Amino acid sequence: TLIGPETKMAYHAFATIVCPLLVSLLAVAEQTASIANISPHEARRRILPIVRQTLANYERFGPAKSFTGPIIRGDAQTLRMHLRAISRRPAVQDVYKALASAALQYLPAGNRKTLSHILRGATPRTAPRSAAGKGRERKRSGRQN
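Note that the coordinates shown come from a computational prediction; the quantities given were computed from them, not determined experimentally.

Conventions used here
Residues numbered from 1 in each chain as written. Predicted model: local features only at pLDDT ≥ 70, side-chain atom pairs only at ≥ 80, totals over all residues. Heavy atoms only, no water. Helix = DSSP H or I, 4+ residues; strand = E, 2+ residues; numbered from the N terminus. Buried < 20%, exposed > 50% of the residue type's maximum accessible area, 1.4 Å probe, protein only. Contact = heavy atoms within 4.5 Å. Areas by Shrake-Rupley, 256 points an atom, 1.4 Å probe, with all protein chains shown as cover. Patch = residues over 30% accessible without salt bridge, like charges linked within 9 Å, V, L, I, M, F, W, Y side chains within 5 Å. Salt bridge = Lys/Arg side-chain N within 4 Å of Asp/Glu carboxyl O. Core = buried A, V, L, I, M, F, W, Y, C linked by side-chain atoms within 4.5 Å. Axes fitted to C-alpha atoms, helices over the stretch in contact; angles between N-to-C directions. Parallel < 35°, antiparallel > 145°, perpendicular 65-115°, else oblique. Phe/Tyr/Trp six-rings, centres within 6.5 Å; stacked < 30°, edge-to-face > 60°. Polar contact = N/O pair within 3.5 Å; in protein donor to acceptor, adjacent residues only side chain to side chain.

Draft legend 1. Structural context of the overall build of the protein. When you go through the protein residue by residue, the secondary structure sums to 9 helices and 0 strands. Secondary structure elements of the protein, listed N to C terminal, follow the sequence α-α-α-α-α-α-α-α-α. Looking at the protein residue by residue over its 145 residues, the buried ones come to 30%. Of the contacts formed within the protein by residues at least 6 apart in sequence, a portion of 59% connects residues at least 24 apart. For the protein, the computed accessible surface area is about 10200 Å², with 61% contributed by carbon and sulfur atoms.

Written out as structure tokens, the structure is:
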């Protein structure tokens, strides 16, 4: 397929996301691992099997059916804990928030409204913090898609 002049920059942005920015994401993953006291070498050793399986799932099933983790589950508590754990590295937290926000926009997610508020730094009234509230939040997460 030929790329016309009107779409050339969009195609170039696409290629940049696929390659150099993917490498940038992996570098951010290494930085996140360092917060957990995992060396860059060990982080790469642990990252590669996960990335390979994720790419195989993406190829076979597409993005929506390959997507896993706290966002698809609508797990607000885990999202809060992740953000707290990486708060010492603002650049890492910025990448996490940007990718999580994109996931909320383009991929299946539970509890979208609450997760969106958390990512923007707000604490919605519908997101209880108490142990008793956790169960209610999980129940709601299945209904708020």
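There is more to say after this.
Draft legend 2. Quick peek at a nonpolar patch on the surface. On the surface, Ile3, Tyr11, Phe14 and Val18 cluster together to form a nonpolar patch covering roughly 390 Å² of accessible area. One can find tyrosine 11 in helix α1 (residues 8-18). Taking the relative accessible area as the measure of exposure, tyrosine 11 reaches 44% and is therefore partly exposed.

Draft legend 3. Region of the structure containing helix α8 (residues 112-119). Taken together, the buried positions of α8 are Thr114, Leu115, His117, Ile118 and Leu119. Tucked into the core, α8 has its buried residues touching α5 (70-73), α6 (76-85) and α7 (90-106). Following α8 by one or two positions, glycine 121 has its phi on the positive side, about 95 degrees.

Draft legend 4. Molecular detail of the nonpolar core. Formed by 17 residues in total, the largest nonpolar core has its most connected members in Ile71, Leu79, Leu104, Leu115, Ile118 and Leu119. Mapped onto this core, the elements with two or more residues apiece are α2 (20-35), α6, α7 and α8. No other element matches α7, which puts 4 residues into this core. When sequence neighbours within four positions are dropped, the list of residues in contact with leucine 119 reads Leu79, Leu83, Lys97, Ala100, Ser101 and Leu104.

Draft legend 5. Quick peek at the packing of α1 against α2. At their nearest, the axes of α1 and α2 sit 3 Å apart, and the two run at 30 degrees to each other. In terms of orientation, α1 and α2 fall into the roughly parallel class. From α1, Ala15, Thr16, Ile17 and Val18 reach across to α2, where they touch Pro20, Leu21 and Leu22.

Draft legend 6. Representation of unusual backbone geometry in the model. With phi around 60 degrees, asparagine 37 is a residue other than glycine that occupies positive phi space. Among the residues examined, asparagine 37 registers a relative accessible area of 73% and is labelled exposed. One non-glycine residue with positive phi stands out, namely asparagine 111, at about 55 degrees. Among the structural elements, asparagine 111 can be located in the loop between α7 and α8. A relative accessible area of 1% means that asparagine 111 is categorised as buried.

Draft legend 7. Broad picture of the packing of aromatic side chains. By the definition in use, this model includes 1 aromatic pair. Ring geometry for tyrosine 11 versus phenylalanine 14: centroids 5.6 Å apart, planes at 50 degrees, classification tilted. Highlighted residues: tyrosine 11 and phenylalanine 14, both in helix α1, separated by 3 residues, approximately one helical turn. Residue phenylalanine 14 is classed as partly exposed on the basis of its relative accessible area of 47%.

Draft legend 8. Seen up close, the side chain of serine 66. Following the sequence through the fold, serine 66 ends up in helix α4 (residues 63-66). Polar side-chain contacts of serine 66 include one of 3.2 Å to the backbone nitrogen of tyrosine 58. With sequence-adjacent residues up to four places away left out, serine 66 is seen in contact with Asn57, Tyr58 and Phe61.

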